[in-house]
Amino acid sequence: MKLGIVGLPNVGKSTLFNCLTNSTNAEAANYPFCTIDPNVGIAQVPDERLDKLLALYKSQKKLPAIIEFVDIAGLVKGASKGEGLGNKFLSHIREVDAIVHVVRCFEDSNVTHVDGTVNPVRDIETINLELIFSDLEIVEKRISRAEKGMRSDKMLSKESELLKQIKNLLESGISASAFKTDDIDELEIINSCNLLTNKPVIYAANVAEEDLANDAASNVHVASIRKLAEKESSKVFVICAKIEEELAGMEQDEKNEFLSELGLSSSGLDKIITASYDLLGLMSFLTAGEKEIRAWTIKKGFTAPKAAGKIHSDFEKGFIRAEVVKYDDLISLGSYVAAKERGLVRMEGKTYVVQDGDVIQFHFNG
């Protein structure tokens, strides 16, 4: 999973990126455009199940699922036309699965705001408008290309008509995600454009420390984001970049103790993972053995062969069956042998839909 972190300058993007990825690559400073080149980092998805399986199987190593984060320069009004650091930075997030939009929801006269005041809805509209302008440029080029070749290719005629509908939406200030269709051909055309405004959005409301424990219940800025996100069917989670900075580098036990003292049950990384998995319809299945314990991220609804393909394409091509046991059954009984004796290890075929927490061994012709 790949997530792009966007936002205005000085909203806490680079600080959050460094905390999520345990990195110091992204410069975080109190002036616009301190991030110039995009920063890319990897974060492991916390999963307590892996630790328990590691102990059960006495495995040599564990390999959690991972998320790739891309932190790009703070966008400003006019970015799509070259203002600030320009439109080229928008291209860095075209390949991501979802956009994490960091929005400032705290007052602090010591931290510069590019527009002088804190107004999350205005800030979101500023960024969204630049994404729309960037998408318009892509759509217009595709329409022009399609019209040149549609005499010899009827599909290009369909593409041109479809993209004109998308263009009308964008010119009205509406995101491409507002266009709904069940037509497979139309979906393929839209997806091939990699439009920024067609990507799922998660809003990260960056608040002051005192707002964190009650999930910013009384913060008017966060309330305005939640209202906006409800209309868009987007996700919102509350973070405090300063707290995340303190958590970064701590051992898990130390982290848990620190969070408990603050009256919190989860870190910013936990929140972003929960929000992104939910928004993108993702889950994890597990593989276990003496060599390694591993979590694999897949889309909900994947059949066993498709899940096997996540490990290796040969597993999917030569799929015979899947040997499946539920994680909870495995842990409660204490061993794979005990689960098998109780009839809780099942042999599943090509139509089996994998469930979250399934521990699977694939059999295939290779």
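Note that the structure is a prediction, hence the values are computed from the model and not measured.

1. Considerations on the environment of R346
Consideration 1: Here R346 shows up in strand β11 (residues 346–348).
Consideration 2: C-alpha separation for the pair R346 and A322, spaced 24 residues apart in sequence, amounts to 8.0 Å.
Consideration 3: Here R346 is in contact with A322, E323, V324, K326 and Y352, once residues within four sequence places are set aside.
Consideration 4: Here E348 takes part through its side chain, which lies 2.8 Å from a polar atom of the side chain of R346.
Consideration 5: A polar side-chain atom of R346 sits 3.0 Å from a polar atom in the side chain of Y352.

2. So, the pattern of salt bridges
Consideration 1: Tallied over the full model, the rule gives 17 salt bridges.
Consideration 2: A salt bridge links D135 to R94, with the shortest nitrogen-to-oxygen separation between them at 3.1 Å. Of the two residues, D135 sits in helix α3 (residues 120–149) while R94 sits in the loop between β4 (66–71) and β5 (98–104), which places them 41 residues apart along the sequence. The exposure classification of D135 matches that of R94, with both residues buried.
Consideration 3: Between E147 and K164 there is a salt bridge, with the nearest N and O atoms lying 2.9 Å from each other. With a gap of 17 residues between them, E147 in helix α3 and K164 in helix α4 (residues 154–171) connect regions that are remote in the sequence.
Consideration 4: On the accessibility criterion, K164 (32% relative accessible area) is partly exposed.

3. Points about the layout of surface pockets
Consideration 1: Volume-wise, the largest pocket comes out at about 1200 Å³.
Consideration 2: In terms of lining residues, the largest pocket is bounded by 44 residues, among which S177, T197, N198, K199 and P200 are the most central.
Consideration 3: For the lining of the largest pocket, the secondary structure elements donating two or more residues are β5, α3, α5 (184–193), β6 (201–206), α6 (220–232), α9 (268–280) and β9 (292–299).
Consideration 4: No other element matches the 6 residues that α3 contributes to the lining of the largest pocket.
Consideration 5: Broken down by class, the residue content of the lining of the largest pocket amounts to 24 nonpolar, 13 polar and 7 charged.
Consideration 6: Here the second largest pocket defines a volume of roughly 820 Å³.
Consideration 7: What lines the second largest pocket is a set of 29 residues, and nearest its centre among them are Q44, P46, Q252, K255 and L269.
Consideration 8: When grouped by side-chain class, the residues that make up the lining of the second largest pocket number 13 nonpolar, 8 polar and 8 charged.

4. With respect to the confidence of the model for the chain
Consideration 1: Averaged over all residues, the pLDDT of the chain is 86; the fraction at 70 or higher stands at 89%.
Consideration 2: With pLDDT under 50 throughout, residues 82–86 is counted as low confidence; its partners more than four residues away or in other chains account for 11 contacts.

5. Brief notes about the sheet that holds strand β2 (residues 39–44)
Consideration 1: An order of β2-β4-β1-β5-β6-β7 is seen for the 6 strands of this open sheet, with the pairing classed as mixed. Across the chains shown, the open sheet's two edge strands, defined by having one partner strand only, are β2 and β7 (235–239). Geometrically, the sheet is characterised by an average inter-axis angle of 25° between neighbouring strands, direction not taken into account.
Consideration 2: In this structure, β2 lies alongside β4, joined through 6 bridges in antiparallel fashion. Paired with V40 across the two strands is V70, which belongs to β4.
Consideration 3: Running at roughly 155° to β4, helix α1 (residues 13–20) makes contact with β1 (2–6), β2, β4, β5 and β7 of the sheet.
Consideration 4: Across the sheet, α3 is in contact with β1, β5 and β6; its angle to β5 comes to roughly 145°.

6. Quick notes on the pairing of β1
Consideration 1: Of all 5 residues in β1, 4 are buried, a share of seventy percent or more.
Consideration 2: Taken together, the 4 bridges between β1 and β4 define a ladder with parallel strand orientation. Bridge pairing links G4 to V70 in β4.
Consideration 3: Pairing of β1 with β5, which is carried by 4 bridges, proceeds in the parallel orientation. Looking at β5, one finds that V6 is bridged to H101.

7. Section: the environment of L195
Consideration 1: Relative to the elements of secondary structure, L195 occurs in the loop between α5 and β6.
Consideration 2: Note: C-alpha distance between L195 and L131 (64 residues apart in sequence) is 8.5 Å.
Consideration 3: Setting aside chain neighbours within four positions, we find L195 in contact with R94, D135, I138, V139, I166 and A176.

8. Focus on the environment of E232
Consideration 1: Structurally, E232 is set in helix α6.
Consideration 2: Residue E232 is classed as partly exposed on the basis of its relative accessible area of 33%.
Consideration 3: Here E232 is in contact with N128 and Y203, once residues within four sequence places are set aside.

What counts and how
- Residues numbered from 1 in each chain as written.
- Predicted model: local features only at pLDDT ≥ 70, side-chain atom pairs only at ≥ 80, totals over all residues.
- Heavy atoms only, no water.
- Helix = DSSP H or I, 4+ residues; strand = E, 2+ residues; numbered from the N terminus.
- Contact = heavy atoms within 4.5 Å.
- Polar contact = N/O pair within 3.5 Å; in protein donor to acceptor, adjacent residues only side chain to side chain.
- Salt bridge = Lys/Arg side-chain N within 4 Å of Asp/Glu carboxyl O.
- Buried < 20%, exposed > 50% of the residue type's maximum accessible area, 1.4 Å probe, protein only.
- 1 Å grid on protein atoms, 1.4 Å probe; cavity = no way out; pocket = protein on both sides within 12 Å on 5 of 7 lines; lining within 4 Å.
- Points joined across faces, edges and corners; volume = space filled by probe spheres on them.
- Nonpolar A, V, L, I, M, F, W, Y, C, P; charged D, E, K, R; others polar.
- pLDDT = per-residue confidence, 0-100.
- Pairing = 2+ DSSP bridges.
- Axes fitted to C-alpha atoms, helices over the stretch in contact; angles between N-to-C directions.

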